[in-house]
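An overview of the molecular structure
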Amino acid sequence: MHAFVEFVSRRGKSVRISNKKSGRRTQPRRDTAIPRRPLLWLAAALLFTLPPMFGQLTGWAPSFFLLALALKFWMEPKGYRLRSFVLKLILAAVTVGAIFLSYGTLKGVEPAVSLLAVLVSLKILEAHTAREFQVMVMMAWVLCLCGFLLSQDLAIALCLFVAFALLIAALIQFHRGSSPGAFWLPLATTFKLLAQAAPVIVLLFLLLPRINTAFQFRFGDLHAARTGFSDRLSPGGIAALGNSTDIAFRAEFPDRRTGPIGPLYWRGLVMWRCDGMEWRAPYGATPISDSSRKYAASDKAIRQRITLAPHGARWMFALDHPIGMTPGAMLARGNYLDSFQPIRKPRRYEVVSTTEPLGKELSDYERREALQLPASISPSVRELAASLAARGSEPREIVNSALQFFRTQGFRYSLAPGKYDKNDLEEFLFHRRTGFCEHYAASFATLMRLAGIPARVVLGYLGGEYNDLGGFFLVRQADTHAWCEVWLPGNGWTRIDPTSAVAPGRASQDLSSFLAGRVASGEMAIGRSALITQLARLALINQIKSLWEALNYQWDTRVMGFDADVQDVLLTSLGLTNRGPLPLVMQVLVVIAAVLIIYAGWMQLRTRPRTDRIQELYKRFCQKLARIGVQRDPWEGPSDFATRAAQSLPNESGRVRWIAETYIALRYAPGPAAANLHEFAKEIDAFNAHRSV
């Protein structure tokens, strides 16, 4: 029976195995440790893979990843590492269980990426050899890909690009070993490699056939996480988004750069079913006929180009009131756009709207639906509606009386109005009188129905932040807004925004600008530090913010939105007809091969040895001496050869010594002077005239 004795050093660097029975002794097997410099580059790269994790994954997974990275730098100098196989299994089982508890499943992209991040964390604690270092680099590249799948924002893309470059630098430093050089030298080599690969990457991006519609992906519950929209308007639902910075959509006006004059009401969903303070949209959208022909040549028609962020539902947005058909969507009853498919990827579309009211005929069915009332309405609310109706015989007079009620009875606009239930209409109208846009829209529409005027609630967005650099409006989730539409004879459905009676400046500004103005005037308390508020007002900060938003927009539309349709337009403009994926792939391969051949030829010319003129002139001088019998030996230096040649040619000894001394000075000078080189060449050319001994 063989008996083995294994000695393992504390730092894990060498292993010696002896065989007692045979008496043979093996050579020590080296266990190479990870060099410090490559480890630093790798750690920097892993730090840049963290931003998409913190934005998308459960909080403890990236925190554990960061903790493991910090522990590695504490353990490495001391020679510690995660050695026990049993402990590794226990940690792996615990983390897998934690992922399951966090997500409720192990299926899906986010649990998978969390699991990968945890495994990389354990690998960081375990790794101590050069081979394991290369494994960590490969796993980090996979993390970069996973981070891009989680989010394709420009900031995330830049972070992941930096991580990718630092991983290349880590490998370059690793293969350089301990050779001397500046710490930043691997970065220079990395940029050279990336610059050489850039033309091929651009060609593949532009010409490779599109399998998907675009490059952007979204996973998870988009509806719940990214939008405040719902087919149900409940008290407090929109107010919760008051501080949200998530982007809802961006809008351009191709025919007028700065957009139309007046407030921007972006229509999204129309709600008919009333339950006091709560309103609901129909369960299914009903299409209406195309109304574009009537307004096609109207001066009030406004064309918009909208880039919509994914939200997982079907609603789309346009200025009041959209007309015509938009590809992939229908114009639903209530004059709003409804997509045929859930919007799970960024969507870019054009739509035409008009400022004129639409639908000047009200059917009996719509009238009954627009006058439907909840089962329970308190007597005081009914008395209020009756008093409003008694103040005028015309619907417009009743509407004005209701707006005057909100304007003069101490109502306040607030992001934190407190909790209301759907039956708290009386509480809102007569006691608390504090609310956000949904409170005013729901209560006003209910009062109109009680007064006998058909009314409905519209949910959408109001305003938007205009970007001068990009020429577009940026609409955020914080700009979510609710308003009313009432039926006025001879005018049709007319927009009434009761919030403007309480907060007059809200309609002309996006919510953040409106709230900043109220804070500056002292109408609202500051919800953040005074320093941050002052920084937000600086012109330089606003310019940087506008530039960043413009870059983000170009990234989303030009790069991430480069789909098959845009590619077809590009190929047509280049004279390349898209005859299918296979011919296009062949064309791409031919172009890439041509680029690589040109690049290889350029590198060959660049690396070809250059002619040394000084050496060539001295060689010609030696050849002239050889023809008259003074042959230079291969091992003979220029000084010794000049001494021997001067002895053989006493009449030319001075010229021979001058040529040799000048050659030595030119050959080994940091930068030879052009005048000396010219004299040197002239003297060698003239040496032919004096060949006699």
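Summarised in this report is the structure supplied together with it.

**A closer look at the overall build of the protein chain**
- In terms of helices and strands, the protein chain carries 25 helices and 21 strands.
- Counting across all 693 residues of the protein chain, residues that qualify as buried make up 44%.
- Split by element, the accessible area of the protein chain, about 36100 Å² in all, is 59% carbon and sulfur.

**Remarks on the pattern of salt bridges**
- Applying the stated criterion across every chain yields a total of 22 salt bridges.
- Bridged by salt links that share partners, the residues Arg267, Asp320, Arg456, Glu485 and Arg495 form one connected network.

**A look at empty space enclosed by the protein**
- For the structure shown, the criterion picks out four cavities of 30 Å³ or more.
- In this structure, the second largest cavity occupies an estimated 50 Å³ of space.
- Lining of the second largest cavity is provided by Leu39, Leu42, Ala43, Leu46, Leu69, Lys72, Phe73, Ile124 and Met136.
- Of all the elements in the fold, those that place two or more residues in the lining of the second largest cavity are α1 (36-48) and α3 (60-75).
- With four residues, α1 is the largest single contributor of residues to the lining of the second largest cavity.
- Among the residues making up the lining of the second largest cavity, the classes are represented as eight nonpolar, no polar and one charged.

**Thoughts on α1**
- With 13 residues, α1 should reach 18 Å at 1.5 Å per residue; the first-to-last C-alpha distance of 19 Å fits that figure.
- Against α2 (50-56), α3, α5 (109-126), α6 (130-150), α7 (154-176) and α8 (185-207) lie the buried residues of α1.

**Some points on the side chain of Lys123**
- Relative to the helices and strands, Lys123 resides in helix α5.
- Lys123 sits in the buried class, given a relative accessible area of 18%.
- Apart from residues lying up to four places away in sequence, Lys123 is in contact with Glu132, Val135, Met136 and Met139.

**Description of the environment of Ile592**
- With respect to the element layout, Ile592 can be found in helix α21 (residues 581-607).
- The spatial distance from the C-alpha of Ile592 to the C-alpha of Ile201 is 9.6 Å, given a sequence separation of 391 residues.
- Aside from chain neighbours lying at most four places away, what touches Ile592 is Val200, Leu203 and Leu204.

**Points about the packing of aromatic side chains**
- Evaluated as defined, the whole model comprises 29 aromatic pairs.
- When the centroid spacing of 5.7 Å and the interplanar angle of 85° are considered together, the rings of Tyr420 and Phe428 count as edge-to-face. This pair shows no difference in class: Tyr420 is buried, exactly as Phe428 is.
- Through a chain of ring-to-ring contacts, the aromatic side chains of Phe249, Phe253, Trp266, Phe317, Tyr461, Tyr466 and Phe473 assemble into a single cluster.

**Let's talk about the sheet that holds strand β7 (residues 273-275)**
- Overall, antiparallel pairing links the three strands, which are arranged β4-β8-β7 in an open sheet. If you trace the sheet from one side to the other, it starts and ends with β4 (232-233) and β7, each paired once.
- The pairing of β4 with strand β8 (residues 278-280) spans two bridges and is classified as antiparallel. Bridged to Leu233 within β8 is Trp279.

**Describing the environment of Ile34**
- As for its position among the elements, Ile34 is in the loop between β3 (29-30) and α1.
- With 96 residues separating them in the primary sequence, Ile34 and Ala130 have C-alpha atoms 5.3 Å apart.

**Observations regarding the nonpolar core**
- Within the largest apolar cluster, 84 residues are counted, with the highest numbers of intra-cluster contacts made by Phe249, Trp266, Phe406, Leu429 and Phe444.
- Among the nonpolar cores identified, the runner-up in size contains 35 residues, and Leu46, Met136, Ala140 and Ala163 belong to it.

**Notes on the packing of α7 against helix α19 (residues 539-560)**
- One can describe the packing of α7 onto α19 by two numbers: an axis separation of 9 Å at closest approach and a directional angle of 80°. Looking at the two axes, α7 sits roughly perpendicular to α19. Here Leu154, Ala155, Ala157 and Leu158 of α7 come into contact with α19, specifically with Trp548, Leu551, Asn552 and Trp555.
- Taken together, the residues of the contact of α7 with α19 sort by class into seven nonpolar, one polar and no charged.

**Notes on a nonpolar patch on the surface**
- Together, Leu47, Phe48, Phe54, Leu66, Phe161 and Val162 give the surface a local cluster of nonpolar side chains, amounting to about 500 Å² of exposed area.
- Elements that contribute at least two residues to the nonpolar patch include exactly α1 and α7.

**Quick word on unusual backbone geometry**
- His321 follows Asp320 through a cis peptide bond whose omega is -5°.
- Along the chain, His321 turns up in the loop between β10 (318-319) and β11 (322-323).
- For Asn335, which is not a glycine, the phi torsion comes out positive at approximately 60°.
- Locating Asn335 in the fold gives a position in the loop between β12 (329-332) and β13 (336-339).
- Taking the relative accessible area as the measure of exposure, Asn335 reaches 12% and is therefore buried.
- If you check the backbone angles, Arg433 has positive phi at about 55° while not being a glycine.
- Tracing the chain through its elements places Arg433 in the loop between α14 (425-432) and β16 (434-435).
- Judged by relative accessible area, Arg433 falls into the buried class, the value being 16%.

How each quantity is defined
Residues numbered from 1 in each chain as written. Predicted model: local features only at pLDDT ≥ 70, side-chain atom pairs only at ≥ 80, totals over all residues. Heavy atoms only, no water. Helix = DSSP H or I, 4+ residues; strand = E, 2+ residues; numbered from the N terminus. Buried < 20%, exposed > 50% of the residue type's maximum accessible area, 1.4 Å probe, protein only. Areas by Shrake-Rupley, 256 points an atom, 1.4 Å probe, with all protein chains shown as cover. Salt bridge = Lys/Arg side-chain N within 4 Å of Asp/Glu carboxyl O. 1 Å grid on protein atoms, 1.4 Å probe; cavity = no way out; pocket = protein on both sides within 12 Å on 5 of 7 lines; lining within 4 Å. Points joined across faces, edges and corners; volume = space filled by probe spheres on them. Nonpolar A, V, L, I, M, F, W, Y, C, P; charged D, E, K, R; others polar. Expected span 1.5 Å × (residues − 1). Contact = heavy atoms within 4.5 Å. Phe/Tyr/Trp six-rings, centres within 6.5 Å; stacked < 30°, edge-to-face > 60°. Pairing = 2+ DSSP bridges. Core = buried A, V, L, I, M, F, W, Y, C linked by side-chain atoms within 4.5 Å. Axes fitted to C-alpha atoms, helices over the stretch in contact; angles between N-to-C directions. Parallel < 35°, antiparallel > 145°, perpendicular 65-115°, else oblique. Patch = residues over 30% accessible without salt bridge, like charges linked within 9 Å, V, L, I, M, F, W, Y side chains within 5 Å.

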